[in-house]
Amino acid sequence: MPTYDFRFGMLLPGILGMVMALAVGPVLIRFARQVGLMDNPHSLDHKIHKKPTPLAGGLVLVLILMLIATLSRAWQIEHIRVILIGALIVFGFGLADDFLNLSVPIKFLGQILAASVLIMNGYLVQFLDNVGILWYPMDQIEWVNILVTLVWLVGITNAMNFLDSMDGQVAGLGLITFLLFLAATIESGQSELAWLNSSVAGICVGLLFFNLAPPRLFLGDSGAQTLGFLAASVGIIYVPKNLDPLSTWFVPIMVLLVPIFDTTLVVVSRIQARKPIFQAGLDHTYHRLRRLG
């Protein structure tokens, strides 16, 4: 099994991802226009942009990440391969949603299938084990771990998608998230995971360039959900070095605090107002801050 010690620089995959995103972005923007992968203004109440915009962000993210993984032979590393397969499933359902506006149950089906790839390969949140509840039956502990893993993966995937309501917001948050995870995985000695974080952070720089106002592309569900799934997966597999196992919870939660907070706020407020939870609206943290000036 190959290992990556980054003797030639921890930022090399990120630089490659950034350069490739900047180079390929215009091509995929044109491709999205040609195939009708567009976000039209006022097609929904929250869509207040002024002109049709290509939903090419997911194409840029996934195409370049898969190219870098192939060039670096990262597919040979089990946990990287499992994450990438899950991300491809999320991307596929997200892309179908960008084209066809899928129903919520079908979206959840895709996310659950992607999460199942990690779960079936043994990548789980160690919940009750780490807490140390020795009297709890081990078979039931395993089911709790599976449930928490499923909720974490699906929850963060949707949380990042929920945040996609402002130019540059998700791409910028993705950049910050994966840079923080890059630092954490370098410190923990998980060089393969650091490779993934560096690659995605670099791609996010390119996405941010094209997504800032006036945007030349939107991430769409395919881009935002895939970023969320990648971040959630890294959070599970990351293991701090020489620290208490409970800190494996602390670091990912702190890194992903913004999408967690925003999603919790939106869900609670919509339940209180008796509105559909998954209906897009103008009640996110960004919208509230904007109304406050």
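Anything mentioned here points back to the structure above.
On a predicted model such as this, the values are computed, not experimentally measured, just so you know.

Here is what the cut-offs are and how they apply
- Residues numbered from 1 in each chain as written.
- Predicted model: local features only at pLDDT ≥ 70, side-chain atom pairs only at ≥ 80, totals over all residues.
- Heavy atoms only, no water.
- Helix = DSSP H or I, 4+ residues; strand = E, 2+ residues; numbered from the N terminus.
- Phe/Tyr/Trp six-rings, centres within 6.5 Å; stacked < 30°, edge-to-face > 60°.
- Buried < 20%, exposed > 50% of the residue type's maximum accessible area, 1.4 Å probe, protein only.
- Core = buried A, V, L, I, M, F, W, Y, C linked by side-chain atoms within 4.5 Å.
- Contact = heavy atoms within 4.5 Å.
- Patch = residues over 30% accessible without salt bridge, like charges linked within 9 Å, V, L, I, M, F, W, Y side chains within 5 Å.
- Areas by Shrake-Rupley, 256 points an atom, 1.4 Å probe, with all protein chains shown as cover.
- Salt bridge = Lys/Arg side-chain N within 4 Å of Asp/Glu carboxyl O.
- Axes fitted to C-alpha atoms, helices over the stretch in contact; angles between N-to-C directions.
- Nonpolar A, V, L, I, M, F, W, Y, C, P; charged D, E, K, R; others polar.
- Expected span 1.5 Å × (residues − 1).

Participant: What should I look at first to understand unusual backbone geometry in this one?
Facilitator: Backbone geometry follows two general trends: most residues other than glycine have a negative phi, and most peptide bonds adopt the trans configuration. Despite not being glycine, arginine 73 shows a phi value in the positive range, around 60°. Summarising the element assignment, arginine 73 is placed in the loop between helix 2 (57-71) and helix 3 (78-100). Residue asparagine 101 is not a glycine yet carries a positive backbone phi of 55°. Checked against the element boundaries, asparagine 101 lands in the loop between helix 3 and helix 4 (104-120).

Participant: What is the right way to read the packing of aromatic side chains from this model?
Facilitator: The geometry of an aromatic ring pair is captured by the separation of the ring centres together with the interplanar angle, meaning the angle of the planes. Counting across every chain of the model gives one aromatic pair. Measuring from centroid to centroid gives 5.1 Å for phenylalanine 209 and phenylalanine 210, while their planes differ by 80°, and the two rings are edge-to-face. We classify phenylalanine 210 as buried; its relative accessible area is 2%.

Participant: When you look at the nonpolar core in this model, what are you seeing that I'm missing?
Facilitator: A general tendency of soluble globular proteins is for nonpolar side chains to be buried together. Counting residues in hydrophobic clusters, the biggest one holds 71 residues, and the most contacted among them are Leu196, Val200 and Leu227. For this core, the secondary structure elements donating two or more residues are helix 1 (12-35), helix 2, helix 3, helix 4, helix 6 (138-162), helix 7 (169-188), helix 8 (191-211) and helix 9 (220-237). The greatest single-element share of this core, amounting to ten residues, is contributed by helix 8. Apart from residues no more than four positions distant in its own chain, leucine 196 is found in contact with Leu65, Ile80, Ile83, Leu84 and Val234.

Participant: So what exactly am I meant to see when it comes to a nonpolar patch on the surface here?
Facilitator: Together, Phe31, Val35, Phe99 and Leu100 make up an exposed nonpolar region whose accessible area comes to about 390 Å². Secondary structure elements with two or more residues in the nonpolar patch: helix 1 and helix 3. Mapped onto the secondary structure, phenylalanine 99 falls in helix 3. With a relative accessible area of 41%, phenylalanine 99 lands in the partly exposed category.

Participant: How do you make sense of the packing of helix 3 against helix 8 when you look at a structure like this?
Facilitator: Packed helices, taken two at a time, are described by their axes: the angle between them and the distance between them. Taken N-terminus to C-terminus, the directions of helix 3 and helix 8 make an angle of 35°; their axes are 9 Å apart at the nearest point. Residue-level inspection shows His79, Ile80, Ile83 and Leu84 of helix 3 in contact with helix 8, the latter providing Glu192, Leu193, Trp195 and Leu196. Residue composition of the contact of helix 3 with helix 8, by class: six nonpolar, one polar and one charged.

Participant: Please clarify how helix 8 should be interpreted in this entry.
Facilitator: Along an α-helix, residues three or four positions apart point the same way, because every turn accommodates 3.6 residues. Relative to the 30 Å expected for 21 residues at 1.5 Å per residue, helix 8 spans 30 Å between its end C-alpha atoms, a close match to the ideal helical length. For helix 8, a buried count of 19 out of 21 residues is recorded, marking the element as mostly surrounded by other parts of the structure.

Participant: Would you mind going over the side chain of threonine 53 with me for this structure?
Facilitator: The residue threonine 53 is located in strand 2 (residues 53-54) in this model. A residue is classified by how much of its surface remains accessible, and threonine 53, at 3% relative accessible area, is buried. The residues contacting threonine 53, other than those within four sequence positions of it, are Leu37, Met38, Asp39, Pro215, Arg216, Leu217 and Phe218.

Participant: Looking at this structure, how should I read the environment of alanine 69?
Facilitator: Secondary-structure assignment places alanine 69 in helix 2. Remark: the alpha-carbon pair of alanine 69 and arginine 81, spanning twelve residues in sequence, is separated by 9.0 Å. If we ignore the near neighbours within four places in the chain, the residues touching alanine 69 are Ala74, Trp75, Leu84 and Trp195.

Participant: Any chance you could explain the pattern of salt bridges here in plain terms?
Facilitator: It is possible for side chains of opposite charge to pair when their charged atoms get near one another. According to the stated counting rule, one finds two salt bridges in the structure shown. For lysine 107, the salt bridge goes to aspartate 97, with nearest N and O atoms at 3.4 Å. Here aspartate 97 lies in helix 3 and lysine 107 lies in helix 4, a separation of ten residues in the sequence. Take aspartate 97: its relative accessible area is 7%, and that puts it in the buried class. With a shortest N-O distance of 3.9 Å, aspartate 221 and lysine 107 are connected by a salt bridge. Here aspartate 221, found in helix 9, pairs with lysine 107, found in helix 4; they are 114 residues apart in sequence, far enough to count as distant. What makes aspartate 221 buried here is its relative accessible area of 14%.

Participant: Sorry if this is basic, but what is going on with the environment of aspartate 167 here?
Facilitator: Mapped onto the elements of the fold, aspartate 167 is located in the loop between helix 6 and helix 7. Assessed through its relative accessible area of 30%, aspartate 167 is described here as partly exposed. For aspartate 167 and phenylalanine 218, which are 51 residues apart along the polypeptide, the C-alpha to C-alpha distance reads 7.9 Å. Leave out the neighbours within four places in its chain, and aspartate 167 touches Asn211, Leu212, Ala213, Pro215 and Phe218.

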